[in-house]
Amino acid sequence: MNKRKINEIFSRFQKANPHPTTELVYNSPFELLISVILSAQATDISVNKATQKLFPIANTPQQILQLGESGLKKYINTIGLFNSKARYIIKTCQQLLEKHEGIVPNQREALESLPGVGRKTANVILNTCFKQATIAVDTHIFRVAQRIGLAKGKTPLEVETQLSQVIPKTFLQDAHHWLILHGRYVCTARKPRCPTCLIRDLCQYSFKTL
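Within every chain, residues take consecutive numbers counted from 1 along the sequence as written. Under the rules for a predicted model, residues below a pLDDT of 70 receive no local features and side-chain atom pairs below 80 are neither given nor counted, while totals for whole chains, interfaces and linings still include all residues. Think of the side-chain values as coming from all heavy atoms in the structure, minus any hydrogens and water.

Peer 1: Outline the pattern of salt bridges, listing residues and values.
Peer 2: The working definition used for a salt bridge is a side-chain nitrogen of Lys or Arg within 4 Å of a carboxyl oxygen of Asp or Glu. Counting across every chain of the model gives 7 salt bridges. A salt bridge links Glu 23 to Arg 184; the shortest N-O distance between them is 2.5 Å. Here Glu 23, found in the loop between helix H1 (3-16) and helix H2 (29-38), pairs with Arg 184, found in helix H10 (residues 169-185); they are 161 residues apart in sequence, far enough to count as distant. Relative accessibility thresholds used throughout: buried, under 20% of the residue-type maximum; exposed, over 50%; partly exposed, between the two (1.4 Å probe, protein chains only). Take Glu 23: its relative accessible area is 32%, and that puts it in the partly exposed class. Here Arg 108 makes a salt bridge to Glu 112, at a shortest N to O gap of 3.4 Å. With a gap of 4 residues between them, Arg 108 and Glu 112 both fall in helix H6 (residues 108-112), about one helical turn apart. A run of H or I in DSSP becomes a helix once it reaches four residues, and a run of E becomes a strand once it reaches two; helices and strands are each numbered from the N terminus.

Written as structure tokens, this is what we have:
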């Protein structure tokens, strides 16, 4: 896909949604970190339902540790993989207190050293909380980027690298959110809503729905 088309795609995204952001509900970097850990293989809706009960009770590393693993599970047991996620969160809280004075770090290496935090989660935190121009490639972005023709890759890192190279810098900060929302509500996995897509004429997908 040429630069003109790519620029037009993101110009349209920007015009339709000038200030995109995550659909996870949070009020601090720590709350977002916990929400993103919980969101692995779970919907944002299910995470928000759990955290709206958890965060009023415990929304700092100290408070989560006071709940303990069993206490934490009572708030997140409606979310998939809650047992392992509870273990990760407890260990992450311990590490935040021991190594970072309870503050969520704004460096990739430090974030990825936290239990349960991989590259995708680190990118979400760096982008959303610290305004760094990162792209967190989840299943939506992995699918949409390749379907549209923005990037081709066998791994999320390959797609992330290509997107970072081809997306104009002026759009890079918000590109992550635009692509996720597009994949979630328009360019869906089984039956994309091509007739209502605002970039239908620019998309390279060969099997557009009628």
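Peer 1: Mind laying out the nonpolar core, listing which residues take part and the relevant values?
Peer 2: Nonpolar core, defined: a set of buried Ala, Val, Leu, Ile, Met, Phe, Trp, Tyr and Cys residues in which side-chain atoms within 4.5 Å join the residues together. Core analysis: the largest hydrophobic core is formed by 32 residues, its most contacted members being Leu 33, Ile 64, Leu 72, Ile 89, Leu 111 and Ile 125. Contributions of two or more residues to this core are made by H2, helix H3 (44-54), helix H4 (61-76), helix H5 (82-100) and helix H7 (119-128). The element that contributes the greatest number of residues to this core is H2, accounting for 7 residues. Contact between two residues is taken to exist if any of their heavy atoms lie within 4.5 Å; hydrogens are not considered. Those residues within four positions of Leu 33 in sequence are excluded, and the remaining contacts are Thr 92, Leu 96, Val 104, Leu 114, Val 117, Thr 121 and Ile 125. Grouped together as the second largest cluster of nonpolar side chains are 26 residues, Val 144, Leu 163, Phe 171 and Leu 172 included.

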